[in-house]
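Each chain, written out:
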Amino acid sequence: MTISINRSWATYSIIAASLASLMSVAGCAKKPEQQETTKQETTTLNIGFQKYGILPILKAKGELEKNLAAQGVNVKWVEFPAGPQLLEGLNVGSVVFGEAGEAPPIFAQAANPNLVYVANQPPAPTAEALIVQKDSPIQSIQDLKGKRVALNKGSNVHYLLLKLLEANNLSLNDIQPVYLPPSDARAAFEKGAVDAWVIWDPFFAAAEHQIHARVIATGEHLVSNHQFYLADRQFAESHPQVLTTLVTTLNQTTDWVKAHPDDAAKLLEKPTGLEFDVLKSSISRMGFGVQPISAKVATEQQYVADAFFAQKLIPKQLVIQDAVLKNDVK
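Residues numbered from 1 in each chain as written. Predicted model: local features only at pLDDT ≥ 70, side-chain atom pairs only at ≥ 80, totals over all residues. Heavy atoms only, no water.

### A closer look at the overall build of the chain
Check the secondary structure of the chain and you find 14 helices and eleven strands. Sequence-distant contacts in the chain: of pairs separated by 6 or more residues, those separated by 24 or more amount to 80%. A total of about 14800 Å² of accessible surface is found on the chain, and carbon and sulfur atoms cover 52% of it. (Helix = DSSP H or I, 4+ residues; strand = E, 2+ residues; numbered from the N terminus. Contact = heavy atoms within 4.5 Å. Areas by Shrake-Rupley, 256 points an atom, 1.4 Å probe, with all protein chains shown as cover.)

The following block contains the structure:
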């Protein structure tokens with residue numbers, strides 16, 4: 001039997017393809033010879049990943065496949081361009097597990113009550129920042145008054161910008177927000193079409209190394225910037241041992257990355273298309289370790305959800321704790 005349950009935020013074509021794939025898997029019965037010879041059911045664990053992060057490193061190392069083989073679990077990796085699309089995949093059932101930053105799970109929870117937070121990496125507040133061109137006259141957050149600031153709407157840096165402005169007695173009304181995805185924002189930033197850019201790694205590190213962007217402020221002392229591991233609730237509750245093995249292996253992988261940053265950067269060069277120095281800078285700002293969601297982390301994520309509700313970015317107020325996996329994953 002192949003389990004492929006999940007939810008997602010993909011385009012209609014991705015949704016249709018995912019559903020078609022899911023239906024074809026669910027509709028396949030074992031061949032007679034398989035029914036006679038198979039001694040245990042085989043579960044397919046569909047994991048959503050992006051080009052950058054711990055999951056592509058885990059994929060490249062192959063440790064998870066080894067660790068789950070004894071449990072009769074096969075691993076299938078499904079690549080997504082970003083966190084929102086990955087969680088849309090979780091929503092429609094093309095994956096049952098994946099990783100995303102702070103913001104995508106909030107939007108996903110608002111649309112999908114079956115999503116659960118499984119674990120998180122420690123805070124990485126310096127992995128996102130507000131940057132300007134190296135020769136920009138802007139020297140402080142106060143200098144942003146009336147200026148055009150690029151950001152990805154509804155992302156972790158949207159929350160960072162809110163906190164940076166608040167800490168300097170400003171609001172979004174004091175600047176000109178320009179909502180652009182990272183690739184378009186980079187182009188606008190380089191052309192001078194925007195005055196500042198709020199962005200996360202590895203795009204942040206790429207701007208530092210490639211065009212010598214200057215940092216006005218990072219998220220330090222203002223935001224947590226966690227990476228979260230999320231799952232389909234039914235899968236998580238039905239396969240606690242698989243989830244425990246997955247989280248344990250992820251934690252071991254972050255330990256390896258911390259101890260071998262050069263090797264980790266080399267593993268990510270091909271999938272990301274980024275230079276070694278860019279990746280090494282990004283990796284140095286990661287939070288290392290994977291741990292169950294604590295009450296403190298849930299509270300910090302609640303602050304982000306409340307801020308997005310206040311900005312009318314989500315249609316209803318959320319209770320983050322409702323989406324935290326109740327089973328202890330250690």
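### Comments concerning the sheet that holds strand β3 (residues 97-100)
The strand order β2-β1-β3-β10-β4-β11 describes an open sheet built from six strands, whose pairing is mixed. Two strands in the sheet have a free side with no partner beyond their single neighbour: β2 (73-79) and β11 (291-292). Bridging between strand β1 (residues 43-49) and β2 involves seven bridges; their strand directions are parallel. When the sheet's bridge partners are listed, T43 is paired in β2 with V73. (Pairing = 2+ DSSP bridges.)

### Some thoughts on unusual backbone geometry
Geometrically, the link from D201 to P202 is a cis peptide bond, its omega value of 5° lying close to zero. Positioned with a positive phi, N169 is a non-glycine residue whose angle comes to about 55°. Unlike most non-glycine residues, H212 shows phi in positive territory, near 55°. Turning to its location among the elements, H212 is positioned in the loop between α9 (203-211) and β9 (214-218). Judged by its relative accessible area of 48%, H212 is partly exposed. (Buried < 20%, exposed > 50% of the residue type's maximum accessible area, 1.4 Å probe, protein only.)

### Examining the packing of aromatic side chains
Scanning all chains against the criterion turns up six aromatic pairs. Measuring from centroid to centroid gives 5.6 Å for F107 and F308, while their planes differ by 35°, and the two rings are tilted. Residue F107 is found in helix α6 (residues 103-111), and its partner F308 is found in helix α14 (residues 295-310); the two are separated by 201 residues along the sequence. Here F107 matches F308 in class, with each residue buried. The positively charged end of K61 is found above the aromatic ring belonging to W256, 4.0 Å away from the centroid. Looking at K153, its charged tip hangs above the ring of Y179, at a distance of 5.1 Å from the centre. (Phe/Tyr/Trp six-rings, centres within 6.5 Å; stacked < 30°, edge-to-face > 60°. Lys NZ or Arg CZ within 6 Å of the ring centre and 35° of its normal.)

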